[in-house]
Amino acid sequence: MKLTQLATKPQLTKIVIDDPELVEKYGEEVDFYVHDKISLEQYTNLASVKSDDFSSIIHLVKELVLDEDGKPVMDEEHVLPMDLLNACMVKVVDSLGK
């Protein structure tokens, strides 16, 4: 098999945050999208981010957490509550690790 046969464009994948405490707090499950493949730079940044480096975490979430149209959920005017931000990062790491 040629390696070029395995190289495909990233596809959007729906992720559902269904943690009971967050569902109770927000009244329903919360969903977002990620690409099923990420760039080498994003992968390296994700693998090396430290849990206490909030600036890097927020930067990564801005790049990786997308809406159904593939546009970033967070921007200069829109931010997520910290509990959802953390849940998104956990779900992104779980999703990309598969």
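You'll find the structure just up there.
About the thresholds
Residues numbered from 1 in each chain as written. Predicted model: local features only at pLDDT ≥ 70, side-chain atom pairs only at ≥ 80, totals over all residues. Heavy atoms only, no water. Helix = DSSP H or I, 4+ residues; strand = E, 2+ residues; numbered from the N terminus. Buried < 20%, exposed > 50% of the residue type's maximum accessible area, 1.4 Å probe, protein only. Polar contact = N/O pair within 3.5 Å; in protein donor to acceptor, adjacent residues only side chain to side chain. Contact = heavy atoms within 4.5 Å. Salt bridge = Lys/Arg side-chain N within 4 Å of Asp/Glu carboxyl O. Axes fitted to C-alpha atoms, helices over the stretch in contact; angles between N-to-C directions. Parallel < 35°, antiparallel > 145°, perpendicular 65-115°, else oblique. Left-handed = near helix turned anticlockwise from the far one by under 90°. Patch = residues over 30% accessible without salt bridge, like charges linked within 9 Å, V, L, I, M, F, W, Y side chains within 5 Å. Areas by Shrake-Rupley, 256 points an atom, 1.4 Å probe, with all protein chains shown as cover. Nonpolar A, V, L, I, M, F, W, Y, C, P; charged D, E, K, R; others polar.

With respect to the helices, strands and loops of the structure, Q42 is situated in helix 2 (residues 40–48). By relative accessible area, which is 16% here, Q42 ends up buried. In this structure the side chain of Q42 is engaged in a polar contact, spanning 3.1 Å, whose partner is the side chain of E63. Those residues in contact with Q42, other than ones at most four positions away along the chain, are L60, E63 and L64.

Here the focus is the pattern of salt bridges. Taken as a whole and judged by the stated rule, the model has five salt bridges. A salt bridge links K25 to D83, with the nearest nitrogen and oxygen atoms 2.9 Å apart. You can see K25 sitting in helix 1 (residues 20–26) and its partner D83 sitting in helix 4 (residues 82–96), a full 58 residues away along the chain. A residue is classified by how much of its surface remains accessible, and D83, at 24% relative accessible area, is partly exposed.

Running from N to C, helix 3 (residues 54–64) and helix 4 point in directions that differ by 65 degrees, and their axes come no closer than 10 Å. Viewed along their axes, helix 3 and helix 4 adopt a mutual orientation that is roughly perpendicular. Crossing geometry of helix 3 relative to helix 4 is assigned as left-handed. Contacts between helix 3 and helix 4 involve I57, I58, V61 and L64 on the former and, on the latter, L85, M89 and V92.

Here we come to a nonpolar patch on the surface. Judged by side-chain polarity, M1, L3 and L6 come together as a nonpolar surface patch covering roughly 420 Å² of accessible area. By relative accessible area, which is 70% here, L3 ends up exposed.

A word on the packing of helix 2 against helix 3. As a packed pair, helix 2 and helix 3 sit with axes 10 Å apart at the nearest point and diverge in direction by 140 degrees. Viewed along their axes, helix 2 and helix 3 form a crossing whose handedness is left-handed. Between helix 2 and helix 3, the contacting residues are Q42, N45 and L46 on the first element and L60, E63 and L64 on the second. Here the residues of the contact of helix 2 with helix 3 are counted per class, giving three nonpolar, two polar and one charged.

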